[in-house]
Number of protein chains: 4
Amino acid sequence: MALNNVESLFAASLQDSDLSAKQKAVLRASLTLFADKGYDRTSTADIARLAGVSEGTVYKRFKTKRDIFEAITTPFVDQVLPTAAGEFFKEISTAGFPDFRSLLTFAVHDRIVFGLANRRELKIFVQEIVADPQMFNALAARASQLFTKGLAPLFKQFQDTGELVQWDAIRIGRYIISTVLGYVLPSVIARTPEQNVDQATQEIVEFLLKGLHP
Amino acid sequence: MALNNVESLFAASLQDSDLSAKQKAVLRASLTLFADKGYDRTSTADIARLAGVSEGTVYKRFKTKRDIFEAITTPFVDQVLPTAAGEFFKEISTAGFPDFRSLLTFAVHDRIVFGLANRRELKIFVQEIVADPQMFNALAARASQLFTKGLAPLFKQFQDTGELVQWDAIRIGRYIISTVLGYVLPSVIARTPEQNVDQATQEIVEFLLKGLHP
Amino acid sequence: MALNNVESLFAASLQDSDLSAKQKAVLRASLTLFADKGYDRTSTADIARLAGVSEGTVYKRFKTKRDIFEAITTPFVDQVLPTAAGEFFKEISTAGFPDFRSLLTFAVHDRIVFGLANRRELKIFVQEIVADPQMFNALAARASQLFTKGLAPLFKQFQDTGELVQWDAIRIGRYIISTVLGYVLPSVIARTPEQNVDQATQEIVEFLLKGLHP
Amino acid sequence: MALNNVESLFAASLQDSDLSAKQKAVLRASLTLFADKGYDRTSTADIARLAGVSEGTVYKRFKTKRDIFEAITTPFVDQVLPTAAGEFFKEISTAGFPDFRSLLTFAVHDRIVFGLANRRELKIFVQEIVADPQMFNALAARASQLFTKGLAPLFKQFQDTGELVQWDAIRIGRYIISTVLGYVLPSVIARTPEQNVDQATQEIVEFLLKGLHP
DNA sequence: CATGAATGAGTCTTCATTCAT
DNA sequence: AATGAATGAAGACTCATTCAT
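Residues numbered from 1 in each chain as written. Chains lettered and ligands numbered in written order. Predicted model: local features only at pLDDT ≥ 70, side-chain atom pairs only at ≥ 80, totals over all residues. Heavy atoms only, no water.

Enquirer: So what's going on with the overall build of chain A? Residues and values would help.
Expert: Scanning chain A from terminus to terminus reveals 10 helices and zero strands. Shown N-terminal to C-terminal, the secondary structure of chain A runs as helices and strands in the order α-α-α-α-α-α-α-α-α-α. Principal-axis analysis of the C-alpha atoms places the extent of chain A at approximately 60 × 30 × 30 Å. By residue count, 50% of the 214 residues in chain A fall in the buried class. Looking at chain A as shown, the accessible area adds up to about 9800 Å², and 57% of this sits on carbon and sulfur atoms. Side chains of chain A give 24 positive and 24 negative charges; the mean places of these two sets differ by 6 Å. (Helix = DSSP H or I, 4+ residues; strand = E, 2+ residues; numbered from the N terminus. Buried < 20%, exposed > 50% of the residue type's maximum accessible area, 1.4 Å probe, protein only. Areas by Shrake-Rupley, 256 points an atom, 1.4 Å probe, with all protein chains shown as cover. Lys, Arg positive; Asp, Glu negative; His and termini not counted. Charge placed at Lys NZ, Arg CZ, Asp CG, Glu CD.)

Enquirer: Please provide a residue-by-residue account of the interface of chain A and chain B, values included.
Expert: Put simply, an interface is often sized by how much accessible area is lost when its parts join up. Opposite the 39 residues of chain A that make contact, chain B presents 39 residues. Between chain A and chain B, the buried area comes to about 3100 Å², and carbon and sulfur atoms account for 58% of it. Linking chain A to chain B there are eight salt bridges. Between A:E128 and B:R41 there is a salt bridge, with its nearest N and O atoms 3.5 Å apart. At the boundary of chain A and chain B, one finds 18 residue pairs in polar contact (both at pLDDT 80 or more). Where the side of chain A that touches chain B is concerned, the elements lending two or more residues are α2 (21–37), α7 (119–131), α8 (133–160), α9 (169–190) and α10 (197–211) of chain A. With 10 residues, the top contributor of residues to the side of chain A that touches chain B is α9(A). Across the side of chain A that touches chain B, the residue classes break down as 19 nonpolar, seven polar and 13 charged. (Contact = heavy atoms within 4.5 Å. Buried area = accessible area lost by both parts, 1.4 Å probe. Salt bridge = Lys/Arg side-chain N within 4 Å of Asp/Glu carboxyl O. Polar contact = N/O pair within 3.5 Å; in protein donor to acceptor, adjacent residues only side chain to side chain. Nonpolar A, V, L, I, M, F, W, Y, C, P; charged D, E, K, R; others polar.)

Enquirer: With reference to specific residues and values, describe the protein's contact with DNA strand E.
Expert: Every one of the 32 residues lining DNA strand E counts as a neighbour, but A:T57, B:T44, B:K65, C:Y59 and D:T57 are closest to it. Considering the 4 Å shell around the protein, atoms of DNA strand E inside it are sugar or phosphate in 59% of instances. One of the side-chain nitrogen or oxygen atoms of A:Q23 is found 3.1 Å away from a phosphate oxygen of DNA strand E. Between DNA strand E and D:T57 there is a distance of 2.4 Å, counted from a phosphate oxygen to a side-chain nitrogen or oxygen. Listing elements by their share of the surface near DNA strand E, those giving two or more residues are α2 and α4 (55–61) of chain A, α4 (55–61) of chain B, α4 (55–61) of chain C together with α2 (21–37) and α4 (55–61) of chain D. When residues of the surface near DNA strand E are assigned to their parent elements, the largest contribution, four residues, is made by α4(D). Residue classes in the surface near DNA strand E are distributed as four nonpolar, 18 polar and 10 charged. (Near = heavy atom within 4 Å.)

Enquirer: Please set out the packing of helix α9 (residues 169–190) of chain C against helix α8 (residues 133–160) of chain D residue by residue, giving values where relevant.
Expert: Geometry of a packed helix pair, given as the angle between the helix axes and the separation of the axes. At their nearest, the axes of α9(C) and α8(D) sit 9 Å apart, and the two run at 130 degrees to each other. Comparing their axes, α8(D) and α9(C) come out oblique. Of the residues in α8(D), those touching α9(C) at C:P186, C:I189 and C:A190 are D:P133, D:F136 and D:N137. Looking at the contact of α9(C) with α8(D), its residues break down into five nonpolar, one polar and no charged. (Axes fitted to C-alpha atoms, helices over the stretch in contact; angles between N-to-C directions. Parallel < 35°, antiparallel > 145°, perpendicular 65-115°, else oblique.)

Enquirer: I'd like a rundown of the nonpolar core, residues and numbers included.
Expert: If you look at the biggest cluster of nonpolar residues, it comprises 77 residues, and the most contacted ones within it are A:I112, A:L208, A:L212, B:I112, B:L208 and B:L212. Ignoring any residue separated from it by four or fewer positions in sequence, one finds A:L212 in contact with A:E163, A:L164, A:V165, A:W167, A:I172, A:Y175, A:I176, B:F207 and B:K210. Of all hydrophobic cores here, the second largest spans 74 residues; its members include C:F88, C:V180, D:L104 and D:F207. (Core = buried A, V, L, I, M, F, W, Y, C linked by side-chain atoms within 4.5 Å.)

Enquirer: Residue-level account of helix α9 (residues 169–190) of chain D, with values.
Expert: All names here are of chain D. In a regular helix each residue adds 1.5 Å, so 22 residues correspond to 32 Å; α9 covers 31 Å between its end C-alpha atoms and thus fits that length. Along α9, the sharpest kink reaches roughly 35 degrees, centred on G182 and followed within four residues by the proline P186. For α9, a buried count of 16 out of 22 residues is recorded, marking the element as mostly surrounded by other parts of the structure. For α9, the N-terminal capping position is held by D168, with its side-chain oxygen 3.0 Å away from the main-chain nitrogen of I170. (Expected span 1.5 Å × (residues − 1). Bend = angle between axes of the 7 residues up to and from the residue.)

Enquirer: Break down the relation of the copies chain A and chain B for me, citing the residues and quoting the values.
Expert: The transform that puts chain A on chain B rotates by 179 degrees and translates by 0.1 Å along the axis, for an RMSD of 0.3 Å. Taken together, the rotation and translation describe the operation of a two-fold axis. Closest approach to the rotation axis among the C-alpha atoms of chain A is made by A:G211, whose C-alpha sits 1.7 Å away. (Least-squares fit on C-alpha atoms with pLDDT ≥ 70 in both.)

Enquirer: Describe the pattern of salt bridges, listing the residues and the values that go with them.
Expert: Summed over all chains, the structure comprises 44 salt bridges over all chains. Residue A:D160 is joined to A:K156 by a salt bridge in which the shortest nitrogen-to-oxygen separation is 2.9 Å. Of this pair, A:D160 and A:K156 both sit in helix α8, four residues apart, which is roughly one turn of that helix. Take A:K156: its relative accessible area is 46%, and that puts it in the partly exposed class. Salt-bridge contacts for C:D46 lead to C:R49; the nearest nitrogen and oxygen are separated by 3.2 Å.

Enquirer: Could you give an account of the side chain of D:Q23, naming the residues involved and the relevant values?
Expert: All names here are of chain D. The residue Q23 is located in helix α2 in this model. Judged by relative accessible area, Q23 falls into the buried class, the value being 9%. Setting aside anything within four residues of it in sequence, one finds Q23 in contact with T57, K60, R61 and F62.

Enquirer: Tell me about the UniProt feature "DNA-binding region" (unreviewed entry) in chain A, and please be specific about residues and values.
Expert: The UniProt feature table records "DNA-binding region" (unreviewed entry) at residues 43–62 of chain A. In residues 43–62 of chain A, helix accounts for 75% and strand for 0%; the two terminal C-alpha atoms are 14 Å from one another. (UniProt positions renumbered as here; feature names shortened; annotations may be inferred.)

Enquirer: Before we move on, could you go through the protein's contact with DNA strand F and cite the residues and values that matter?
Expert: Among the 32 residues in the neighbourhood of DNA strand F, the closest are listed as A:K65, B:T57, C:T57, D:T44 and D:K65. Within 4 Å of the protein, the atoms of DNA strand F are drawn from sugar and phosphate moieties in a proportion of 60%. At a separation of 3.4 Å, a phosphate oxygen of DNA strand F approaches a polar side-chain atom of B:Q23. A per-element tally of the surface near DNA strand F places α4(B) first, with four residues. When grouped by side-chain class, the residues that make up the surface near DNA strand F number four nonpolar, 18 polar and 10 charged.

Enquirer: I'd like a rundown of the arrangement of the chains, residues and numbers included.
Expert: The least C-alpha distance between chain A and chain C, which are not in contact, is 20 Å. Taking C-alpha atoms only, the smallest gap left between chain B and chain D, which are not in contact, amounts to 32 Å.

Enquirer: Summarise the packing of aromatic side chains; cite the residues concerned and give the values.
Expert: On inspection of all chains with the given rule, the structure shows 34 aromatic pairs over all chains. Measuring from ring centre to ring centre gives 6.4 Å for A:F207 and B:W167, while their planes differ by 75 degrees; the resulting arrangement is edge-to-face. Highlighted residues: A:F207 in helix α10 and B:W167 in the loop between α8 (133–160) and α9 (169–190), drawn from two different chains. The pair formed by A:F207 and B:W167 is uniform in burial state, with each residue classed as buried. Judged by centre distance (6.2 Å) and plane angle (50 degrees), the ring pair of D:F34 and D:F69 falls under tilted. Taken as a pair, D:F34 in helix α2 and D:F69 in helix α5 (residues 65–95) lie far apart in primary sequence, 35 residues in all. D:F69 gets classed as buried once you look at its relative accessible area, which sits at 1%. Among the aromatic residues, ring-to-ring pairing joins A:W167, A:Y175, A:F207, B:W167, B:Y175 and B:F207 into one connected group. Its end group placed over the ring of D:Y39, D:K65 keeps NZ or CZ at 4.3 Å from the ring centre. (Phe/Tyr/Trp six-rings, centres within 6.5 Å; stacked < 30°, edge-to-face > 60°. Lys NZ or Arg CZ within 6 Å of the ring centre and 35° of its normal.)

Enquirer: Could you give me a rundown of the environment of A:F62, with the residues and numbers involved?
Expert: Residues and elements named next belong to chain A. The topology assignment puts F62 in the loop between α4 and α5 (65–95). Each C-alpha atom, one on F62 and one on A152, is 40 Å from the other, the two residues being 90 residues apart in sequence. In contact with F62, not counting residues within four places along its chain, are L19, Q23, V26, L27, D67, I68 and A71.

Enquirer: Describe helix α3 (residues 44–51) of chain C, naming the residues involved and giving the relevant values.
Expert: Turning to α3(C), its buried residues are C:T44, C:D46, C:I47, C:A48 and C:A51. Positive backbone phi, at 70 degrees, marks C:G52, one or two positions downstream of α3(C).

Enquirer: Got a sec to walk through the environment of C:A45? Specific residues and values, please.
Expert: Residue and element names in this part refer to chain C. Looking at the element boundaries, A45 is found in helix α3. On the basis of relative accessibility, which here comes to 27%, the residue A45 falls in the partly exposed class. On a C-alpha basis, the gap between A45 and I204 in space is 43 Å, while along the polypeptide they are 159 residues apart.

Listed below in structure tokens is the structure:
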């Protein structure tokens, strides 16, 4: 499965970039510190120290501290999320899931793995979303689009076979996402040690299948 | 129902306190600003300005900015939450719900109302929880305690009547909380206008009842 | 003569202001340093050091370094120059000079004294005018207005008596100003020790009277 | 007339120099930027960008930013000014002006043309003279020397014919220079569009002739 | 010669905190 | 109790200068 190495998309985007080794160290250090302490509680001196570079180097490529934040999050929104989503839907299309349980199992497992593989990016996102609702709205819009375009037809298919309740896609998606996030976020926020992803997937799917049955 | 005016518990805790009118204004201003901009992006000068007091007055009672934060959140954790929870359980006990649907409907509705009534406090909490996992752990511990002590017996009762699936209380609670938060949090974070709480309650209960049916 | 204590207008404007003693010290130190080293070569640390205050105090009243500059120069443009000009014209009107020589002698002497009394402010002005032409244009506009409104009628009077050549006021003014500045500016720029103002006045008037005679 | 292309003296000094094309570009860019924004407000990165070279190249020949400044101004003081002055005096000697008016007309016109042709260099000079009196003193000394050696005898000649008032050369020169600068400097500082040099020359000469007549 | 990444001292500015009045 | 001027330790950011390639 291609998606459990999503973290490597960030690493790859670093390699593809024309950033020097030190600039990459700056991004890596920033990622760590933003996730650990939050954007506001991370100073550019902290970043320089952890990256092992001078403070001037931090500002050579990135004009402002906010630019660093965006250099980390923008690829996540503009590339990682859509890319991942793209692979996600491609997988779904090509896989040709025989029933809703198969689809749900794949999707839940995939998203849990994705979320845990990107703990730090996710945490930074959550922090910023809470601090600045603007980003929440941007994400919500993007998610809503993915939903109505990508998921609704998929749901329709299983609603026709009588495997999925006849609620609108937004409502169904909301319950799925809530349940998955209820599992992933505590781990992301509290640095909980790795848990049994397969078992969690089975449990969540068991609950959702019943809750979403007609 | 007593719980939809939980906000007044904060107000009451202000009245009970030995704080002067200006000190109370400081707390109120801090509550607003912390919720709007976050703790880190709120300066003590901001607080003084909004409270209509001098910067010196802010520090007369509260030795540090962090003290203000704790003056807001500690009562919330140590009094408001337990108090609310206490009323919540008292209500449950005295009400004597005839079936699980009644209990779930009450509980979901009550928590939605509580969450929406305390948007600002909730947002501050979420911000701090994400920024500093320590508070998350403290809350998780407290919640876990409430669960095993308060909810598990309650669940047992309906599990015995065959209305509730035989999963452990933590798992059941996690799904319920996730689903409710999936409705409340977007509203809290994005300042979404008021929605139809009763309809949302019905929908959520409909989903949960199926998902949690044996 | 009221105008040879123009420097006290700045001092007076300090006293009238609601600035604390330390804030006034900041302005005084800034005036000295801006004049000595120029705006760009003066750091806010320099200002704090010379004023004997902390760097925070510098920024308590003035939000930016540029604000300090404007706190010094704006009164100069908006009050000192017009005020001085006002007194200048008042003096001229009430004095009722019998001939052009009397007027010119008074004016030249007065402007030399004014310029030398305000060496530092003048130097700051010249520095900024050269660095940023915008201020030059603002001043030129103001000066032009004073000219056509205030001086042209005065010149007309002596042109009618045949004491002053029939050139337009701008041209006449330009020669007078050039000649006076040719005396004052070197002293302002090079910190030349005090010279004999009365003799210089006599010499300049002697030259101008001939040059401007019909 | 050789002197209205004095700018080419700078270009020539660039050609004569052993500087590479890129080094010359650095000097040209510096000239432009120093004149536009001032020395302090021009960064070496600005210079490199406008010159189309790397920052390293800027420092290959010039050890410090100040060196660039001096590479521009020193030739101007040490070569351009004297050279120009040399041509100026040579012209005067060989021309053999029949009367003081002819001399003055030539000199005024020549200096106006010179000043306008070298706006940018002049502006840099004025900026530095105002910011650092040291350069003023150096220039004043040099000018004083040119005066007493070069001009005084010339003046003497016309004082003997009764065309020029019997003041000392410094005083006469000061009035002439002041009046010419009063015309040239505003244009240099404020980027005023080209004006009628010939008319201005006539007017200035008309004024000076009267003012300097015995 | 040329490059441009890297440096670190220094700049302007903010802000939690103190204290004399 | 209340004020608000004062503080100084950071914080973000700039820039002249160096040096390995």
